[in-house]
Amino acid sequence: MARFTAAHALAQAQQHPLIPVFYHAQEEYARTVLAACYEAGVRLFEFTNRGPEAHAIFSRLQRFVEAEYPDLLLGAGTIFTAEEAGRFIEAGADFVIQPVTSPDVAAICRSHDLAWLPGAQTLNEVYEAHRLGATLVKLFPSAYLTPAYLSILRGPLPQVPLMVTGGIQPTTASLQEWKAAGATCVGIDARLLDTSDEALLTAQVRELLTVLRPAV
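These remarks concern the structure in this document. Just so it is clear, the model here is predicted, and its values are computed rather than measured.

Considerations on the overall build of the chain
Of the regular secondary structure elements, the chain holds 9 helices and 9 strands. Relative to the globule expectation of 17 Å for 216 residues, the C-alpha radius of gyration of the chain, 16 Å, shows essentially globular dimensions. Taken over 216 residues, the chain has a buried fraction of 55%. Across the chain, contacts joining residues at least 24 apart in sequence account for 61% of those joining residues at least 6 apart. Here the chain displays about 9,300 Å² of accessible surface, and carbon together with sulfur accounts for 54% of that area. Counting 15 positive and 22 negative side-chain charges, the chain places the centres of these two groups 4 Å from one another.

Quick look at the structure:
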């Protein structure tokens, strides 16, 4: 059974609307980056399925999260198939993120009441992903689609929760623009962040989160 429901994941994304997108083959380094982001206020963290050891590292990272940061949701990204989704869910994934929309992945996430974040671009794709039960629809790659494009989508689809990710620059000006365009939350490629110094990373992420958080 999943640690967190899809509804809880959405609520956390709305309240803590910055999601680092990260992969590293060194588990200790991944732990350091995750800890720094958590200290900054991150409550959803995506570990991407992009290396040969990704599943093994994710499994150990999930145990670390459950022991040290039990309110953090650790998700598996770059998932294409139901088989991949099942393996990461079995390893404890708290949400599943896709670059595409796969109905069979939607079905397995629904069966666990687990947050599903499929990738989409066009109005039809976003609507179809939402119809299939997406917790958040991942507008990808957002940097090439632009905030203006997001604003256009928001016209006919004001109710669909949208995560923007893919090449977004981690600056306050950029995030202000995406927030104004209607982004529910923003995924930032951790390679664009300064991950070499834990304290600096925490400060940077905290500043970006402050821009995105909803007004009280």
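Picking up where we left off.
Quick look at the sheet that holds strand 9 (residues 185–189)
Judged by pairing direction, the sheet is parallel, and its 9 strands sit side by side in the order 5-4-3-2-1-9-8-7-6 without closing on themselves. Each edge of the open sheet carries a strand with a single partner, namely strand 5 (115–117) and strand 6 (119–120). Looking at chain direction, strand 3 (residues 73–77) and strand 4 (residues 95–97) are connected through 2 bridges and run parallel. Counted as the bridge partner of G75 is F95 from strand 4. Of the strands in this sheet, strand 5, strand 6, strand 7 (137–139) and strand 8 (162–165) touch helix 6 (residues 123–131), which is tilted by about 160° from strand 7.

Topic: the nonpolar core
One broad trend across soluble globular proteins is that nonpolar side chains are buried collectively. L34, F47, V126, L175 and V205 are the most contacted members of the largest nonpolar core, which has 65 residues in total. No other element matches the 8 residues that helix 2 (residues 27–40) contributes to this core. When residues no more than four places from it in sequence are discounted, the contact partners of L175 are L18, I168, Q169, V186, I188, L208, V211 and L212. With 15 residues, the next largest nonpolar core counts F4, L44, F95 and A115 among its residues.

Considering the pattern of salt bridges
Across all of its chains, the model carries 7 salt bridges by this definition. The residue R3 makes a salt bridge to D94 at a minimum N-O spacing of 2.6 Å. With a gap of 91 residues between them, R3 in the segment before helix 1 (6–15) and D94 in the loop between helix 4 (82–90) and strand 4 connect regions that are remote in the sequence. On the basis of relative accessible area, R3 is assigned to the partly exposed category, the value being 30%. In this structure D94 comes out as buried when scored by relative accessible area, which is 1%. Ionic pairing is found between R31 and E27, a salt bridge with its closest N-O pair at 3.2 Å. Residue R31 and its partner E27 are both found in helix 2; the two are separated by 4 residues, about one turn of the helix. E27 gets classed as buried once you look at its relative accessible area, which sits at 17%. Salt bridges linked by common partners bring E27, R31 and R60 together as one network.

Examining the layout of surface pockets
The method is simple in principle: a probe with the dimensions of a water molecule rolls over the atoms, and the space it marks as empty is what remains. Of the voids in this model, the largest pocket is the one considered here, and its volume is about 270 Å³. For the largest pocket, the lining is made up of 17 residues, of which V21, T48, R50, D189 and R191 are closest to its centre. Elements supplying a minimum of two residues to the lining of the largest pocket: strand 1 (18–22), strand 2 (44–48) and strand 9.

Quick notes on helix 2
In this model, helix 2 (14 residues) spans 20 Å end to end at C-alpha, consistent with the 20 Å of a helix rising 1.5 Å per residue. When we look at burial in helix 2, the residues that qualify are E27, A30, V33, L34, A35, A36, C37, Y38 and A40. Elements that come into contact with the buried residues of helix 2 comprise strand 1, strand 2, helix 3 (54–68), strand 3 and helix 9 (198–212). Just beyond helix 2, the residue with positive phi is G41, at close to 120°.

Focus: the packing of aromatic side chains
For the structure on display, the rule yields 8 aromatic pairs. Between F22 and Y29, the ring centres sit 6.3 Å apart and the planes meet at 35°, which makes this aromatic pair tilted. An aromatic cluster is built from F22, Y23, Y29, F45, F47, F58 and F88, whose rings are joined through pairwise contacts. Just above the ring of Y38 sits the side chain of R43; from NZ or CZ to the centre is 3.8 Å. Residue placement shows K138 over the ring face of F140; its charged tip is 4.5 Å from the ring centre.

Reading the values: rules and limits
Residues numbered from 1 in each chain as written. Predicted model: local features only at pLDDT ≥ 70, side-chain atom pairs only at ≥ 80, totals over all residues. Heavy atoms only, no water. Helix = DSSP H or I, 4+ residues; strand = E, 2+ residues; numbered from the N terminus. Rg over C-alpha atoms; globule rule 2.2 N^0.38 Å. Buried < 20%, exposed > 50% of the residue type's maximum accessible area, 1.4 Å probe, protein only. Contact = heavy atoms within 4.5 Å. Areas by Shrake-Rupley, 256 points an atom, 1.4 Å probe, with all protein chains shown as cover. Lys, Arg positive; Asp, Glu negative; His and termini not counted. Charge placed at Lys NZ, Arg CZ, Asp CG, Glu CD. Pairing = 2+ DSSP bridges. Axes fitted to C-alpha atoms, helices over the stretch in contact; angles between N-to-C directions. Core = buried A, V, L, I, M, F, W, Y, C linked by side-chain atoms within 4.5 Å. Salt bridge = Lys/Arg side-chain N within 4 Å of Asp/Glu carboxyl O. 1 Å grid on protein atoms, 1.4 Å probe; cavity = no way out; pocket = protein on both sides within 12 Å on 5 of 7 lines; lining within 4 Å. Points joined across faces, edges and corners; volume = space filled by probe spheres on them. Expected span 1.5 Å × (residues − 1). Phe/Tyr/Trp six-rings, centres within 6.5 Å; stacked < 30°, edge-to-face > 60°. Lys NZ or Arg CZ within 6 Å of the ring centre and 35° of its normal.

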